[in-house]
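Letter by letter, the chains look like this.
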Amino acid sequence: LIVPYLMRLAVDHGVAAGSAGVLGLVAALNTSATVTAFVVQGVCGGFTTFSTASVEAIGLVRERRGVTALAYVLASVLVCVSAVLVGMALGRALV
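Only a predicted model underlies this, so the values are computations on that prediction, with no experimental measurement involved. Here the residue numbering is sequential within each chain, running from 1 through the sequence in written order. Reporting in this predicted model follows two pLDDT cut-offs: at least 70 for local features of residues, and 80 or more for side-chain atom pairs to be given and counted; totals over whole chains, interfaces and linings ignore these cut-offs and use all residues. To get the side-chain values, take all heavy atoms of the structure and skip hydrogens and water.

Asker: Describe the overall build of the chain, and please don't skip the residues or the numbers.
Answerer: In this text, helices come from DSSP runs of H or I with a minimum length of four residues, and strands from runs of E with a minimum of two, each type numbered from the N-terminal end. Counting secondary structure elements, the chain contains four helices and zero strands. In sequence order, the secondary structure elements of the chain are arranged as α-α-α-α. Contacts between residues were defined by any pair of non-hydrogen atoms, one from each residue, lying within 4.5 Å. In the chain, once contacts between residues fewer than 6 apart in sequence are set aside, the share between residues at least 24 apart is 73%. Surface exposure here means Shrake-Rupley accessible area, sampled with a 1.4 Å probe, where a residue is shielded only by the protein chains that are shown. When the accessible surface of the chain is summed, it comes to about 6200 Å², and 75% of that surface belongs to carbon and sulfur atoms.

Quick look at the structure:
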């Protein structure tokens, strides 16, 4: 039971982190408003759906797994913010 959950968690965070890294890269490259909107809303938006993470967290709470839900939320924020910072650093290095 825990292994499938951990696999789903790893995939969710991997996709979200990748998208967050791309967002940071686009932000650092100072692209045009059109390119930024396309990448942020069109491409990355489909992979970083906040509502999906919220549903996962609420599902864990409903299963009386509050500590796991809290860890999930904190890990989501930490991983994605870190990925944005890495993407921004990469973008600054490229400019």
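From this point, the discussion proceeds with the structure in view.
Asker: For the pattern of salt bridges, give the residues involved together with the corresponding values.
Answerer: For this analysis, a salt bridge means a side-chain nitrogen from Lys or Arg found within 4 Å of a carboxyl oxygen belonging to Asp or Glu. As enumerated under the stated definition, the model contains one salt bridge in all. With a closest N to O distance of 3.1 Å, Glu 63 and Arg 65 form a salt bridge. For the exposure calls, accessible area comes from a 1.4 Å probe over protein chains only, and a residue counts as buried if that area is under 20% of its type's maximum, exposed if over 50%, partly exposed in between. A residue is classified by how much of its surface remains accessible, and Arg 65, at 25% relative accessible area, is partly exposed.

Asker: So what's going on with unusual backbone geometry? Residues and values would help.
Answerer: Outside of glycine, negative phi angles account for most residues, and trans bonds account for most peptide bonds. The backbone of Arg 64 sits at a positive phi, close to 60°, despite the residue not being glycine. The residue Arg 64 is located in the loop between helix H3 (50–62) and helix H4 (66–94) in this model. You can call Arg 64 exposed: its relative accessible area is 78%.

Asker: Give a detailed account of H4, specifying residues and quantitative values.
Answerer: The span you would expect from a helix comes to 1.5 Å times its residue count less one. For H4, which comprises 29 residues, the first-to-last C-alpha distance of 42 Å matches the rise-based estimate of 42 Å (1.5 Å per residue) to within 8%. What H4 keeps buried is the set Ala 69, Tyr 72, Ser 76, Ala 83, Gly 87 and Gly 91.

Asker: Go over the side chain of Ser 76 with me, naming the residues and quoting the values.
Answerer: Within the secondary structure layout, Ser 76 lies in helix H4. A distance of 2.8 Å separates a polar side-chain atom of Ser 76 from the backbone oxygen of Tyr 72. Throughout this description, a polar contact denotes any pair of N or O atoms lying within 3.5 Å of each other; where both atoms belong to protein, one of them has to be capable of donating a hydrogen while the other can accept it, and for residues adjacent in sequence the pair is counted only when both atoms sit in side chains.

Asker: Describe the environment of Cys 44, and please don't skip the residues or the numbers.
Answerer: Topologically, Cys 44 is positioned in the loop between helix H2 (33–43) and H3. We classify Cys 44 as buried; its relative accessible area is 3%. Between the C-alpha atoms of Cys 44 and Ala 16, which are 28 residues apart in sequence, the distance is 8.6 Å. Beyond its immediate chain neighbours, meaning those up to four positions away, Cys 44 contacts Ser 19, Val 22, Leu 23 and Val 39.

Asker: For the environment of Thr 31, give the residues involved together with the corresponding values.
Answerer: Mapped onto the secondary structure, Thr 31 falls in the loop between helix H1 (2–29) and H2. The contacts of Thr 31, once residues within four sequence positions are left out, are Val 26 and Thr 36. Polar side-chain contacts of Thr 31 include one of 2.6 Å to the side chain of Thr 36.

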